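# Reading the structure
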Amino acid sequence: MIYLEKVFRYNYPFSMVVFVHGKGGNTGEAEAFRSVFPDEEFLSLDYHSTTPWEFRREVRSLLGDIKDFTLIAISIGAYFFLSSGLSDRVKEAFFISPVSDMEKLILGMMEYSGVTEEELKEKGNIGDLSYEYLTYARSHRMEWNVKTHAIAGSLDEVMDISITRKIFPDLTVLEGSYHYLHTPEEKRMIVEWMKSKARR
């Protein structure tokens, strides 16, 4: 596998996988999926955005003219791409612990923190909560008509799997696992899951 360090702006003679890491992740995580797509080039996005509206701009620069690629995205990386408006470039997607409904996530955080919407609107930001983020999530609904496979833990504490399943019916659930799928066994199961889906 070769990681492309720049985008070539022409019609590629090869197929491609684009990898989008989650919060605190890094481009090197894409290496774990080499055995699934041994004959494809990988572009692991080294993005620096912390909001979906920043990512929406940045990802266009990172991708250039690349299209018809397989997408692998983790957690918030999945949400960023879901809200990027670039679904027409993706031929198939694999989402790992995807944040599938940002509005519900923010509202849940507000309830847990005892913050009302009125308070958040007045102050703008309270801790990790942002009224701008909430309004963005509400006003930018996903337009996603891509064949998508998802995997998440049954105990996902960030995004309830009932929400993820409603959005992505092709959901595989890892019993007893949480949002951060990182143990050797979880990593092995993710690779095996991805291989089984990629063969179809």
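Residues numbered from 1 in each chain as written. Predicted model: local features only at pLDDT ≥ 70, side-chain atom pairs only at ≥ 80, totals over all residues. Heavy atoms only, no water.

So, on to the confidence of the model for the protein. When pLDDT is averaged along the protein, the result is 92, and 92% of the positions lie at 70 or above. Note that pLDDT drops below 50 for residues 1–13; the model gives that stretch 29 contacts with residues more than four away or on any other chain. (pLDDT = per-residue confidence, 0-100. Contact = heavy atoms within 4.5 Å.)

Turning our eyes to something else, we now look at the pairing of strand E7 (residues 148–153). Counting buried positions over the six residues of E7 gives six, a clear majority of the element. Where strand E4 (residues 90–96) lies against E7, four bridges are found, and the strand directions are parallel. Bridge pairing links Phe 95 to Ala 150 in E7. Relative to strand E8 (residues 171–174), E7 runs parallel, the two sharing four bridges. Each bridged residue has a counterpart across the sheet, and for Ile 151 the counterpart in E8 is Thr 172. Once the chain exits E7 it traverses helix H6 (residues 161–167) before rejoining the sheet at E8, and the crossover so formed is right-handed. (Buried < 20%, exposed > 50% of the residue type's maximum accessible area, 1.4 Å probe, protein only. Helix = DSSP H or I, 4+ residues; strand = E, 2+ residues; numbered from the N terminus. Pairing = 2+ DSSP bridges. Right-handed = clockwise from strand over helix to strand, strands pointing away.)

Backbone geometry at Asp 68 places phi at a positive 55 degrees, although glycine is not the residue there. Note that Asp 68 resides in the loop between helix H1 (52–63) and strand E3 (69–74).

Take the side chain of Asp 101 next. One can find Asp 101 in the loop between E4 and helix H3 (102–113). In this structure the side chain of Asp 101 is engaged in a polar contact, spanning 3.1 Å, whose partner is the backbone nitrogen of Lys 104. Ignoring anything within four residues of it in the chain, the contact list for Asp 101 reads Met 159, Ile 163 and Ile 167. (Polar contact = N/O pair within 3.5 Å; in protein donor to acceptor, adjacent residues only side chain to side chain.)

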